[in-house]
Structures are given as C-alpha cells and as structure tokens.
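This is what each chain is made of:
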Amino acid sequence: QVRLVESGGGLVQAGGSLRLSCAASGSVLNAMGWYRQGPGKQRELVATITRGGSTNYADSVKGRFTISSDNAKNTVYLQMNSLKPEDTAVYYCNAEGLVLRRIYWGQGTLVTVSS
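In short, a report on the structure. (Residues numbered from 1 in each chain as written. Predicted model: local features only at pLDDT ≥ 70, side-chain atom pairs only at ≥ 80, totals over all residues. Heavy atoms only, no water.)

With that out of the way, let us pick up the pattern of salt bridges. For the structure on display, the rule yields four salt bridges. Arginine 36 serves as the salt-bridge partner of glutamate 44, at 2.8 Å between the closest nitrogen and oxygen. On the basis of relative accessible area, arginine 36 is assigned to the buried category, the value being 6%. One salt bridge in this structure joins aspartate 59 and lysine 62, with 3.0 Å as the shortest N-O distance. Each of the two residues, aspartate 59 as well as lysine 62, counts as exposed. (Salt bridge = Lys/Arg side-chain N within 4 Å of Asp/Glu carboxyl O. Buried < 20%, exposed > 50% of the residue type's maximum accessible area, 1.4 Å probe, protein only.)

With 29 residues, the main nonpolar core has Leu4, Met32, Trp34, Leu78, Met80 and Tyr91 as its most contacted residues. Breaking this core down by element, the ones donating at least two residues are β3 (18-25), β4 (29-37), β5 (44-50), β7 (65-70), β8 (75-80), β9 (89-97) and β11 (109-114). Leaving out residues up to four positions away in the same chain, leucine 78 has contacts with Leu18, Arg19, Leu20, Trp34, Val46, Ala47, Phe65, Thr66, Ile67 and Tyr91. (Core = buried A, V, L, I, M, F, W, Y, C linked by side-chain atoms within 4.5 Å. Helix = DSSP H or I, 4+ residues; strand = E, 2+ residues; numbered from the N terminus. Contact = heavy atoms within 4.5 Å.)

Successive side chains on a regular strand alternate, one facing one side of the sheet and the next facing the other. Every second residue of strand β1 (residues 3-7) is oriented toward a common face, the buried set being Leu4 and Glu6 and the non-buried set Arg3, Val5 and Ser7. Of the strand pairs in this sheet, β1 and β3 are connected by five bridges, and their pairing is antiparallel. From the neighbouring strand, valine 5 faces β3, where its bridge partner is alanine 23. (Pairing = 2+ DSSP bridges.)

One pass over the structure, following the stated rule, counts one aromatic pair. Over the face of the ring belonging to tyrosine 92 we find arginine 43, whose NZ or CZ atom lies 3.7 Å from the ring centre. A cation sits over an aromatic face here: arginine 43 above tryptophan 105, 4.6 Å from the ring centre. (Phe/Tyr/Trp six-rings, centres within 6.5 Å; stacked < 30°, edge-to-face > 60°. Lys NZ or Arg CZ within 6 Å of the ring centre and 35° of its normal.)

Below, the discussion takes up the sheet that holds β1. Taken in spatial order, the four strands line up as β1-β3-β8-β7 in an open sheet, and their pairing is antiparallel. Looking at the sheet topology across the chains shown, the edges are occupied by β1 and β7. When strand polarity is set aside, the average angle formed by the axes of neighbouring strands in this sheet is 15°. (Axes fitted to C-alpha atoms, helices over the stretch in contact; angles between N-to-C directions.)

A few words now on the pairing of β7. Pairing of β7 with β8, which is carried by six bridges, proceeds in the antiparallel orientation. Bridge pairing in β8 places serine 69 opposite valine 76. Between β7 and β8, which follow one another and run antiparallel, lie four residues, and asparagine 74 among them has a positive phi close to 55°.

Time to look at unusual backbone geometry. A positive phi angle, near 50°, is found at serine 82, a position not held by glycine. Tracing the backbone shows serine 82 in the loop between β8 and β9. Given a relative accessible area of 39%, serine 82 falls into the partly exposed group. Phi is positive for arginine 101, close to 60°, though the residue is something other than glycine. Within the fold, arginine 101 resides in the loop between β9 and β10 (103-105).

Right, dumping it as structure tokens:
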C-alpha cells in the first residue's frame, strides 16, 4: 500500500511562486507526478517524472513549472513559477507502482492564484 501526502499549497499573487511537495511511503514506484483540477474542469496532467528521471509537462506549464524528485526521501516536488490565475486548482500527487503498475493518489492541496 502506498500513501501520498501533499503539502505546499496556498494563496499567491499572479507572477509569484510556490513549491509543492509530495511524500510517498510504501512500495517502489515507477513514476510520480502532479495533476490538477480547476473549478469546473476535469483533472489534467501537470507534470510527471519517472524513476529514471524522465519528465513530461503539460503545454500550459512548460517553461514555468519544474518537477523533481528525491529518491532518498521518496518525495516529488513541483516548483511553480510565474503563476497565473488559470493555475488555480487542487493539485494532486500521483504515483505508479513499479511492478503492478497500480495508481495511487494523494488527497490534494489547493493552490489559489489571485490577479
């Protein structure tokens, strides 16, 4: 069983920055990532990172967000710069098990970007 705990959300002005963290416990993971769900929108991919360090970003955040991981701490981070009001959403940590490929979700952390 894998448990994911997000932190770092909050209220920030447009143009500002936030850093989200997600600590995972449990099995070895193949990949971790961040998804978000804004008001009235479907949950969407923000960024992912594999155990080998490969990253993938949504077009809307490329050049502004950076995903990274600390394998020793089994933690993934999302550095968010140049935030826009459109980035307002609940951000969810996601993880994929290495062997069985099971998907795990955190409870989410709210990011609110004001104009």
